[in-house]
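# Commentary on secondary and tertiary structure
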Amino acid sequence: MSIANELIRDLEAEAKKTRAMLAVVPETKLDWKPHAKSMTLGGLAGHVAENPAWISAMLEDEMDFGAMKDYRPFAPKDRGELLAAFDKNVRAGLDAIRGRSDAFLLGTWTMRNGDKVLMSAPKHDAIRGTAIHHWIHHRGQLSVYLRLLDVPLPQTYGPTADAPSFG
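Quick look at the structure, then. (Residues numbered from 1 in each chain as written. Predicted model: local features only at pLDDT ≥ 70, side-chain atom pairs only at ≥ 80, totals over all residues. Heavy atoms only, no water.)

### Here we look at the layout of surface pockets
Inclusion rule: Cavity: a set of points on a 1 Å grid over the protein atoms alone where a 1.4 Å probe fits but cannot get out. Pocket: an open set with protein on both sides within 12 Å along at least five of seven lines, its lining residues, like those of a cavity, having an atom within 4 Å of a point. Grid points are joined across faces, edges and corners, and a volume is the space filled by probe spheres set on the points. Secondary structure elements follow DSSP: runs of H or I no shorter than four residues count as helices, runs of E no shorter than two count as strands, and numbering proceeds from the N terminus. Classes in brief: Ala, Val, Leu, Ile, Met, Phe, Trp, Tyr, Cys and Pro nonpolar; Asp, Glu, Lys and Arg charged; the others, Gly included, polar.
By volume, the largest pocket is sized at about 170 Å³. Lining the largest pocket we find 13 residues, and of these His-47, Asn-51, Trp-54, Phe-65 and His-134 sit closest to its centre. Going through the elements one at a time, helix H2 (41-50) and helix H5 (123-148) are the ones with two or more residues in the lining of the largest pocket. If one sorts the elements of the lining of the largest pocket by residue count, H5 sits on top with three residues. Grouping the amino acids of the lining of the largest pocket by side-chain chemistry returns eight nonpolar, four polar and one charged.

Below is the structure:
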């Protein structure tokens, strides 16, 4: 199996789990946060929805945060906007990966902030670690927010207290 096909398989599997989590985000609580140092629920959910959009940037040779001064994080107004953005970003990520050769995906991607190099890795590692795994990490945070709000959690890798069977 090609590296691109492996990434696509992982991305599709995680997208399905993530969409289910985003689908239960309560619209009336988007400004809520569990702690003064925490992001709001809407900010965290928006970050999760935005994450797949970064995949195409990881297929370039580098990404420079120093050049992104006009960047504003996605802040959804409601669940419909949240899910639409997520679906669009997943499609764009999948489309960006499709047809890429192993040789291309083994090429180096560099993340920098101006002159400071933050990391360099093969493009496929950057996609898996900095996009997909980063997104899984924030989905886990989102599940804690939702649990604190007493929102029933969908299954991710297995049953939850709210969905106790492998259905």
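Further notes follow.
### Re the pairing of strand S3 (residues 116-122)
Worth spelling out the cut-off: When DSSP finds two or more bridges between two strands, those strands count as paired.
Relative to S3, strand S2 (residues 108-113) runs antiparallel, the two sharing six bridges. Bridge assignment links Thr-110 to a residue of S3, and that residue is Ser-120. Between S2 and the antiparallel strand that follows it, S3, lie two residues; Gly-114 among them carries a positive phi value of about 65°.

### As for the pattern of salt bridges
Selection rule: Salt bridges are identified by distance alone: a Lys or Arg side-chain nitrogen within 4 Å of an Asp or Glu carboxyl oxygen. Under the scheme applied here, a residue whose accessible area is under 20% of the maximum for its type counts as buried, over 50% as exposed, and between as partly exposed, the area being computed with a 1.4 Å probe on protein chains only.
Tallied over the entire structure, the rule returns eleven salt bridges. One salt bridge connects Lys-77 with Glu-81, and the closest N-O pair in it is separated by 3.9 Å. Of the residues examined, Lys-77 reaches a relative accessible area of 67% and is grouped as exposed. The exposure class assigned to Glu-81 is partly exposed, which follows from its relative accessible area of 28%. Taken together, the shared-partner salt bridges connect Arg-9, Asp-10 and Arg-128 into one network.

### What to know about the environment of Glu-60
Relative to the assigned elements, Glu-60 resides in the loop between H2 and strand S1 (62-64). Residues Glu-60 and Leu-105, spaced 45 residues apart in sequence, show a C-alpha to C-alpha distance of 10 Å.

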